[in-house]
Amino acid sequence: MFDTLLYEKQDGIAWITLNRPDVLNAINMRMRDELWDAAHAVRDDPDVRVVIFKGAGERAFSAGADISEFGTAPSYVESRRARRQRDLWGFILSLELPLIAAVHGHTLGAGIELSMCCDLRIASEDARLGLPEVSLGYIPSAGGTQTLPRHIPPGVAMQMILTGDPIDAATALRYGLIQRVVPRERLYKEAESLAHTLMSRGPLALRLAKRAVLEGLDLPLAQGLALERRLARRALASADAREGLAATAAGREPRFVGA
Ligand code: COA
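Residues numbered from 1 in each chain as written. Predicted model: local features only at pLDDT ≥ 70, side-chain atom pairs only at ≥ 80, totals over all residues. Heavy atoms only, no water.

J.: How should I be thinking about unusual backbone geometry in this particular structure?
T.: Across residues other than glycine, the phi torsion is negative in most instances, and most of the peptide bonds are trans. In this model, D11 sits at a positive phi of 50 degrees, which is unusual for a non-glycine residue. Looking at the element boundaries, D11 is found in the loop between β1 (5-10) and β2 (13-18). (Helix = DSSP H or I, 4+ residues; strand = E, 2+ residues; numbered from the N terminus.)

J.: What is the right way to read the site of the ligand from this model?
T.: Surrounding the ligand, one finds 15 residues, the nearest of these being R59, A63, A65, D66 and I67. Between the ligand and A65, the relevant distance is 2.9 Å, taken from a nitrogen atom to a main-chain nitrogen or oxygen of the residue. A distance of 2.8 Å is found between a nitrogen atom of the ligand and a backbone nitrogen or oxygen belonging to I67. In the complex, 56% of the free accessible area of the ligand, which totals 860 Å², lies under the protein chains. Each residue belonging to the shell around the ligand can be placed in one class, and the counts come to 10 nonpolar, one polar and four charged. (Near = heavy atom within 4 Å. Polar contact = N/O pair within 3.5 Å; in protein donor to acceptor, adjacent residues only side chain to side chain. Areas by Shrake-Rupley, 256 points an atom, 1.4 Å probe, with all protein chains shown as cover. Nonpolar A, V, L, I, M, F, W, Y, C, P; charged D, E, K, R; others polar.)

J.: What's the story with the nonpolar core in this structure? I'm lost.
T.: Within soluble globular proteins, side chains that are nonpolar tend to cluster in buried spots. Core analysis: the largest hydrophobic core is formed by 46 residues, its most contacted members being V51, W89, L129, L148 and L177. Secondary-structure elements contributing two or more residues to this core are β2, α1 (29-44), β3 (50-55), α3 (88-94), β5 (99-103), α4 (110-116), α6 (154-163) and α7 (169-175). Among the elements that take part in this core, α1 stands out by supplying six residues, more than any other. Formed by 14 residues, the second largest nonpolar core is a distinct cluster that contains A102, V182, L187 and A191. (Core = buried A, V, L, I, M, F, W, Y, C linked by side-chain atoms within 4.5 Å. Buried < 20%, exposed > 50% of the residue type's maximum accessible area, 1.4 Å probe, protein only.)

J.: Whenever I open this one, the packing of aromatic side chains confuses me. Can you help?
T.: The description of an aromatic ring pair uses the distance of the two centres, along with the angle that the planes make with each other. Considering all chains together, one arrives at four aromatic pairs under this definition. Where W36 meets F91, the ring centres are 5.4 Å apart and the plane angle is 45 degrees; that geometry is what we call tilted. Taken together, the positions of W36 in helix α1 and F91 in helix α3 put the pair 55 residues apart, joining distant regions of the chain. Judged by relative accessible area, W36 falls into the buried class, the value being 17%. By relative accessible area, which is 13% here, F91 ends up buried. A ring pair is formed by F70 and Y138, whose centres lie 5.4 Å apart and whose planes are at 45 degrees; its orientation type is tilted. Of this pair, F70 sits in the loop between β4 (60-62) and α2 (73-85) while Y138 sits in the loop between β8 (128-130) and α5 (144-151), and the two are 68 residues apart along the sequence. For F70, a relative accessible area of 33% corresponds to the partly exposed category. (Phe/Tyr/Trp six-rings, centres within 6.5 Å; stacked < 30°, edge-to-face > 60°.)

J.: I tried to follow the domain arrangement of the protein on my own but got confused; where do I start?
T.: By a widespread convention, an interface's size corresponds to the accessible area lost as its parts come together. The domain boundaries assigned to the protein delineate domain 1 (5-199) and domain 2 (203-250). Placing the centre of domain 1 and that of domain 2 at their C-alpha centroids yields a distance of 27 Å. The interface of domain 1 with domain 2 comprises 10 residues on the first partner and six residues on the second. In total, about 670 Å² of surface goes out of reach between domain 1 and domain 2, with carbon and sulfur atoms giving 53% of it. The tally of links from domain 1 across to domain 2 stands at three salt bridges. Of the charged contacts in the structure, one is a salt bridge between R207 and E96, with a shortest N-O distance of 3.7 Å. Where domain 1 touches domain 2, the interface holds four residue pairs in polar contact (both at pLDDT 80 or more). Looking at side-chain class alone, the side of domain 1 that touches domain 2 contains six nonpolar, no polar and four charged residues. (Domains from an automatic or database assignment. Contact = heavy atoms within 4.5 Å. Buried area = accessible area lost by both parts, 1.4 Å probe. Salt bridge = Lys/Arg side-chain N within 4 Å of Asp/Glu carboxyl O.)

J.: Sorry, what's going on with the environment of K9 here?
T.: The topology assignment puts K9 in strand β1. For K9, a relative accessible area of 44% corresponds to the partly exposed category. K9 sits 42 residues away from V51 along the chain, and the two C-alpha atoms are 9.2 Å apart. Leave out the neighbours within four places in its chain, and K9 touches A14, D45, D47 and V48. Within polar-contact distance, the side chain of K9 engages the side chain of D45 at 2.5 Å.

Structure representation (structure tokens):
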């Protein structure tokens, strides 16, 4: 049970809802701690195949870190301690499961940064995505300066980071920051349908492919290709790969076991 999150499991999907709608789901220390626990829960639960992050209420996925906790001495010390001891964003990025962010409304600061720790982003038409930290004399610190230029062209990332101005969903789609834009009322249905598509694929293959892409992005091409060869050998030797081939040959749906 969480104070600032809703955590629901349904048919292999873990739905994690940022749940402070009165303050546009601002991420306070408590929510950080609870995201840490929820991220461990999905990692350790074999029934969870895909995770979907969403925001409660009609106005925001999240308006970012909770500004009301900024600037007070105990909270500043606390937040530095928390960051040192618990690399929440790094931990979410390290999860092997496919992660989807379903964002709407204000998706700012740590909100957009959380979405960029996910593998796929779906947005509703009303989404506005940005990193406003420099307007506060601050810089993004939930990974944004590093993750944004890995998702979109560096010049566009630089513009967003240096101006702090948000972009709308259509612009985010054009740059590839999000993969799909849908009407608000379709957002969670689309996210769920995407999750079901992912769950029909080989779970081990998804884990290995995700690793190849994420680790490969930080490697020179030759090393990235070597990494892919190693991971492809593992995939090919798996029971899932044998099942995938057998199912295709027999014209039936594969029954993957994730190994
Ligand atoms: N931290 C704490 N509270 C926040 C918040 C944040 N990041 N963002 C919004 N809120 C609170 C507001 O204080 C307000 O609370 P109140 O009703 O008790 O006064 C409530 O959420 C609604 O926000 P409000 O500012 O009234 O809505 P708006 O439509 O006028 O503006 C935003 C929406 C997103 C433009 C504006 O809230 C904003 O700029 N938020 C800060 C965004 C930010 O800088 N995030 C990065 C932090 S590093």
